[in-house]
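Reading the structure
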Amino acid sequence: MNKTLSFSSFNRSKRIRRLANDIYDLVIVGGGATGAGIALDAASRGLKIALIEKGDFASGTSSKSTKLIHGGLRYLKQLDINLVRESGKERAIVNHLAPHLCLPEKMLLPLVKDGTFGKLSTSFGLKIYDYLAGVKSEDKRIMLSKEEALEKEPLLNESILEGAGYYAEYRTDDARLTIELIKKSNSLGANCINYVRVAEFIENEEGRIMGVLAEDVLSREKFEVSARCVVSAGGPWVDQLRFINEDDATRKLYLTKGIHIVVPLSRLPIGQSVYFDNPDGRMIFAIPRGKITYIGTTDTEYTGDLNRVVATEADREYLLRAVNHMFPTVHLTQFDVISNWAGLRPLIHEQGKSPSELSRKDEIFEEENGLISIAGGKLTGYRKMAEKIVNKVVKRLPDIKDQLSDSQTENIRLTDDPFQDDDEVSHYIQKMEGICMKLQLPAYYGWYLVTNYGKKAQSIIKKSQGRHKDPQIALALSELEYCMKREMIQRAEDFFVRRTGRLYFDIQSIDLIRNQVMTMMSDRLNWSKARKAEEEAIMDKLIQDATHYYKDERIDPSEHKPISPS
Ligand code: FAD
């Protein structure tokens, strides 16, 4: 058995050598939440596995969601009781597995004239929702009169308000959840790697899949990876991968784009999340988080470039209109919007249904040569999806089946030194806020560090001292050190977008820290001049996309180079 490699940025060549030399029970294609969940389930049962991701971990849909671990109120409306029950149960499990990454978040559901939810049905629905999701008694829903709702949220539109429901949800950081799943899988022996693309599937003489042809996206080197089973968790790319596998595969996915816009918290200073009606019949979230409030989402058919999904002016205006309708005194305009993110829902194709009507359920497809693909579903359901897939894989391995345990993930805490509960997270945040203020850092960083790195926050703050005279730059460099040693960042964007979330939640801070971060990464990872220039160009494009609203989502290729590997 190979020794587990630390999850650092520095041992990439060793990982690749292992990929090329070892024979795996299972190779997983795709390092989003779905692939990461499968990796953890499979590795913890005792399978020898590799996970191959063409960009960074979570660089697909799993960093572009609304970032809720939710019980699925919309499923209740569709009378999908089992899905509500399962989502509710999963929500509680994820909260237990990583309390700093799945934080309780109160949600206000305004009831408006001719809205989606009526007073009686909401009261009854939320009660059932609490019951099915096993919500703790202190978190159970409360129904509010119009006056009580306005007291809680004075910015709501008084002229249409009739009351509100007030209930419990959970908020996460999808990219951080994914990276913690990957790190845990690695600690259990999985060989997970980013920036390696699966270019082809390899079959044996009987036409059964027996591995993949992979390409190191950073060096362009190609190599084969041998596997007894291959699972594609390619999210929006599932059909592309199925077409590579079989020329005449039929399309299974229907992609829709969802964008979120970000405004400073001071421009939409809501006291809790709000899930509100848009006059077109859709529901929109406004979610406060640290220094900002984000608003989303849209839901439109998508046929553009999967590797570069951008927000259009129409997307932005749609969300601004919705938010100004529900919060009429804030008068948000395009000039208030400081960043955005745009992602794709890999929904399962169903003839004659509109995007909003399509089911969010997951589905598994098995091809003749043995390739298994999984798509659809939600972040919230990653664990159950993983269990289902690994059960299938285990059945394909009769010789070792009896040595493997059942799924263990319900009890595998995601970090080494986990918080026991939400109260411990709150106390720890307060403690870190105090330490930050002593070091002349804004208290915000206490919350930020704990909700990103859990109990590693303290040592990151400690190791920041003496790195730079500006404490915010010193802190960023200490985070960078941690991410290089423990979180396998390869490109600058991995740090700015997914490990720290700064591009979305604190875009102004990028200006302050960018030069020093780039220099340290370049020095430590021995980047050539050309590589550093490439990294700068990628960052420029990402910042442009997060702050720019295109006329059309099909961007003119002569004007803009693609930013991620295809
Ligand atoms: P992805 O995260 O897209 O991962 C697939 C990965 O496969 C990608 O990283 C890609 O690079 C990789 N890949 C593709 N081709 C190759 C190849 N050839 N070689 C190697 N790697 C490859 N769910 C919730 O529970 N709560 C929410 O609040 C929520 N909000 C959402 C809001 C929006 C706007 C959207 C779009 C989705 C939302 N979801 C939410 C759903 C959730 O985000 C997705 O279900 C989930 O992130 C899908 O994860 P995935 O791993 O299947 O796909």
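As the structure is a computational prediction, the values presented were derived from the model and not from experiment. (Residues numbered from 1 in each chain as written. Predicted model: local features only at pLDDT ≥ 70, side-chain atom pairs only at ≥ 80, totals over all residues. Heavy atoms only, no water.)

**A short note on the packing of aromatic side chains**
The geometry of an aromatic ring pair comes down to the distance between the two centres and the angle between the two planes. The final tally for this structure, using the stated rule, is 15 aromatic pairs. Considering the side-chain rings of tyrosine 294 and phenylalanine 505, the 6.4 Å spacing of their centres and the 40° angle between planes classify their relative orientation as tilted. Taken as a pair, tyrosine 294 in strand E14 (residues 292-296) and phenylalanine 505 in helix H16 (residues 502-505) lie far apart in primary sequence, 211 residues in all. No difference in accessibility class separates tyrosine 294 from phenylalanine 505, as the two residues are buried. Ring plane angle 85° and centroid distance 5.9 Å describe the contact between tyrosine 445 and tyrosine 448, whose orientation is recorded as edge-to-face. You can see tyrosine 445 and its partner tyrosine 448 sitting in helix H12 (residues 444-453), three residues apart, about one turn around the helix. A relative accessible area of 1% places tyrosine 445 in the buried class. Accessibility expressed as a relative area gives 4% for tyrosine 448, which makes it buried. Taken together, the aromatic side chains of Tyr294, Trp341, Tyr504 and Phe505 make up a single cluster linked through ring pairs. The lysine or arginine in question, lysine 48, covers the ring of tyrosine 24, its NZ or CZ lying 5.3 Å from the ring centre. Above the ring of phenylalanine 419, the side-chain terminus of lysine 455 is found at 5.1 Å from the ring centroid. (Phe/Tyr/Trp six-rings, centres within 6.5 Å; stacked < 30°, edge-to-face > 60°. Helix = DSSP H or I, 4+ residues; strand = E, 2+ residues; numbered from the N terminus. Buried < 20%, exposed > 50% of the residue type's maximum accessible area, 1.4 Å probe, protein only. Lys NZ or Arg CZ within 6 Å of the ring centre and 35° of its normal.)

**Comments concerning the site of the ligand**
Around the ligand, the surrounding shell holds 38 residues, and the nearest of these are Thr34, Glu53, Ser62, Leu68 and Thr380. Contact between the ligand and threonine 61: an oxygen atom at 2.9 Å from a main-chain N or O atom of the residue. For the shell around the ligand, the secondary-structure elements that each account for two or more residues are helix H2 (33-45), strand E8 (196-203), strand E11 (253-264) and strand E16 (339-348). Along the lines of polarity and charge, the residues of the shell around the ligand split into twelve nonpolar, 19 polar and seven charged. (Near = heavy atom within 4 Å. Polar contact = N/O pair within 3.5 Å; in protein donor to acceptor, adjacent residues only side chain to side chain. Nonpolar A, V, L, I, M, F, W, Y, C, P; charged D, E, K, R; others polar.)

**Some details on the pattern of salt bridges**
Using the criterion set out here, one finds 48 salt bridges in the structure. When the shortest N-O distance is used, the salt bridge between aspartate 173 and arginine 289 registers 3.9 Å. A residue pair is termed long-range when its members are at least 10 positions apart, and aspartate 173 in the loop between strand E6 (161-172) and helix H7 (174-187) and arginine 289 in strand E13 (residues 283-289) qualify at 116 residues. The class for aspartate 173 is buried, based on a relative accessible area of 5%. For lysine 291, the salt bridge is made with aspartate 506, and the minimal N-O distance between the two is 3.1 Å. Separated by 215 residues along the polypeptide, lysine 291 in the loop between E13 and E14 and aspartate 506 in the loop between H16 and helix H17 (508-524) bring together distant segments of the chain. (Salt bridge = Lys/Arg side-chain N within 4 Å of Asp/Glu carboxyl O.)

**What to know about the side chain of arginine 15**
Following the sequence through the fold, arginine 15 ends up in helix H1 (residues 12-21). It is aspartate 22 that comes nearest to the buried, bridge-free arginine 15 among opposite-charge side chains, at 10.0 Å. With sequence-adjacent residues up to four places away left out, arginine 15 is seen in contact with Leu5, Ser6, Phe7, Asn186, Ala190, Asn191, Cys192, Ile193 and Met488. (Lys, Arg positive; Asp, Glu negative; His and termini not counted. Contact = heavy atoms within 4.5 Å.)

**Description of empty space enclosed by the protein**
Under the criterion given, the structure shown has two cavities of 30 Å³ or more. By volume, the largest cavity is sized at about 140 Å³. Lining the largest cavity are 18 residues, and of these Asp173, Arg289, Trp447, Thr451 and Asn452 sit closest to its centre. Breaking the lining of the largest cavity down by element, the ones donating at least two residues are strand E4 (102-112), E6, H12 and H16. With five residues, H12 is the single largest residue contributor to the lining of the largest cavity. Roughly 40 Å³ of volume is contained in the second largest cavity. Elements that contribute at least two residues to the lining of the second largest cavity include exactly H7, helix H15 (492-499) and H16. Partitioned by chemical class, the residues of the lining of the second largest cavity number four nonpolar, two polar and four charged. (1 Å grid on protein atoms, 1.4 Å probe; cavity = no way out; pocket = protein on both sides within 12 Å on 5 of 7 lines; lining within 4 Å. Points joined across faces, edges and corners; volume = space filled by probe spheres on them.)

**Looking at the layout of surface pockets**
The method is simple in principle: a probe with the dimensions of a water molecule rolls over the atoms, and the space it marks as empty is what remains. By volume, the second largest pocket is sized at about 350 Å³. Lining of the second largest pocket is provided by 19 residues; of these, Lys183, Asp416, Lys456, Tyr482 and Arg486 occupy positions nearest its centre. Elements represented by at least two residues in the lining of the second largest pocket include exactly H7 and helix H14 (471-486). Residue contributions to the lining of the second largest pocket peak at five residues, all from H7.

**A look at unusual backbone geometry**
Cis geometry marks the peptide bond from glycine 296 to threonine 297; its omega dihedral reads 20°. A positive phi is found at methionine 488, a non-glycine position, where the angle reads about 45°. By the secondary structure assignment, methionine 488 is in the loop between H14 and H15. Since its relative accessible area comes to 1%, methionine 488 is described here as buried.

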